[in-house]
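A look at the structure
Spelled out from the first residue to the last, the chains are:
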Amino acid sequence: MAAEPATVAGGVLVLFGGALLFWCAAELRLRHRLRRNGVPVTALVVPDTAQGQVADSAPLLSYATLPARLTCDEPTEAAVLLSRPRGTTTLSRPIGLLPGSSVRVCYDPRRPARVVLTGLGTAASLPMDVFWTLLGTSSLAGGLSLLAIALRR
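Below is a short write-up of the structure.

Basis of the calculations
Residues numbered from 1 in each chain as written. Predicted model: local features only at pLDDT ≥ 70, side-chain atom pairs only at ≥ 80, totals over all residues. Heavy atoms only, no water. Helix = DSSP H or I, 4+ residues; strand = E, 2+ residues; numbered from the N terminus. Buried < 20%, exposed > 50% of the residue type's maximum accessible area, 1.4 Å probe, protein only. Contact = heavy atoms within 4.5 Å. Areas by Shrake-Rupley, 256 points an atom, 1.4 Å probe, with all protein chains shown as cover. Core = buried A, V, L, I, M, F, W, Y, C linked by side-chain atoms within 4.5 Å. Expected span 1.5 Å × (residues − 1). Pairing = 2+ DSSP bridges. Axes fitted to C-alpha atoms, helices over the stretch in contact; angles between N-to-C directions. Salt bridge = Lys/Arg side-chain N within 4 Å of Asp/Glu carboxyl O.

**What to know about the overall build of the protein chain**
- Along its length, the protein chain carries two helices and five strands.
- Taken from the N to the C terminus, the helices and strands of the protein chain come in the order α-β-β-β-β-β-α.
- Within the protein chain, buried positions represent 32% of all 153 residues.
- The contacts of the protein chain with a sequence gap of at least 6 include a subset with a gap of at least 24, amounting to 70%.
- By element, 66% of the accessible surface of the protein chain is carried by carbon and sulfur atoms, the whole surface being about 9600 Å².

**Let's talk about the nonpolar core**
- Counting residues in hydrophobic clusters, the biggest one holds twelve residues: Val 39, Val 41, Ala 43, Val 45, Leu 61, Tyr 63, Leu 97, Val 103, Val 105, Tyr 107, Val 115 and Leu 117.
- Secondary structure elements with two or more residues in this core: strand E1 (39-46), strand E2 (60-64), strand E4 (102-107) and strand E5 (115-117).
- No other element matches the four residues that E1 contributes to this core.

**Remarks on helix H2 (residues 126-152)**
- Under the 1.5 Å per step criterion, the end-to-end length of H2 is 39 Å for 27 residues, consistent within 8% with the ideal 39 Å.
- Among the residues of H2, Met 128, Asp 129, Gly 136, Ser 139, Gly 143 and Ala 150 are the ones counted as buried.

**Concerning the sheet that holds E1**
- An order of E3-E2-E1-E4-E5 is seen for the five strands of this open sheet, with the pairing classed as antiparallel. Of all strands in the sheet, those with a lone pairing partner are strand E3 (80-83) and E5, marking the two edges. Along the sheet, successive strands turn relative to each other by an average axial angle of 40°, direction set aside.
- In terms of strand pairing, E1 meets E2 through three bridges, oriented antiparallel. Looking at E2, one finds that Val 46 is bridged to Leu 60.

**Description of the pattern of salt bridges**
- The final tally for this structure, using the stated rule, is three salt bridges.
- Residue Glu 27 is joined to Arg 31 by a salt bridge in which the shortest nitrogen-to-oxygen separation is 3.5 Å. Highlighted residues: Glu 27 and Arg 31, both in helix H1 (residues 3-37), separated by four residues, approximately one helical turn. Each member of the pair Glu 27 and Arg 31 is classed as buried.
- Close ionic contact of Asp 108 with Arg 110 constitutes a salt bridge, the shortest N to O distance being 3.9 Å.
- Judged by its relative accessible area of 6%, Asp 108 is buried.
- Put simply, Glu 27, Arg 31 and Asp 129 are held in one network by salt bridges that share partners.

**Examining the environment of Thr 7**
- Locating Thr 7 in the fold gives a position in helix H1.
- Counting along the chain gives 143 residues from Thr 7 to Ala 150, while the straight-line C-alpha distance between them is 5.9 Å.
- For Thr 7, the contacting residues outside a window of four places in its chain are Leu 147 and Ala 150.

**A closer look at the side chain of Ser 62**
- Position of Ser 62 relative to the elements: it lies in strand E2.
- We classify Ser 62 as buried; its relative accessible area is 19%.
- Ser 62 has contacts with Thr 42, Ala 43, Leu 44, Val 46, Val 80, Leu 81 and Leu 82, leaving out every residue within four places of it along the chain.

Now the structure itself:
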């Protein structure tokens, strides 16, 4: 490989791998923070009728948030939200998240649409987390090795 294409390919792989690892770290940190500091509730897995599918690939969760207070005397009703959990992609649906099942989740009280699975749901996103981390690490390592080869010439 000539020096210029190796440098370009190495730079692209380093940027891709670094960005992917940064995204993985930020996502894992956010999910960890939500599990530790979020409000725990029970959510119902509902089918996504908007896509016309009976079994959607990424689960849609329905859960009630804590009532928001406008003033100290007048509490409002709890809002029911529909959201998809963080860490669950459209590539695979965990077996325990079939429509109609109940799951434990935690949500961010400041942004109630941010929700993460807790309990048994934490292991469901582990294979995808490992996949994306390995992809980012291998891309970064490949890019760095291409850059090292190009700089040696």
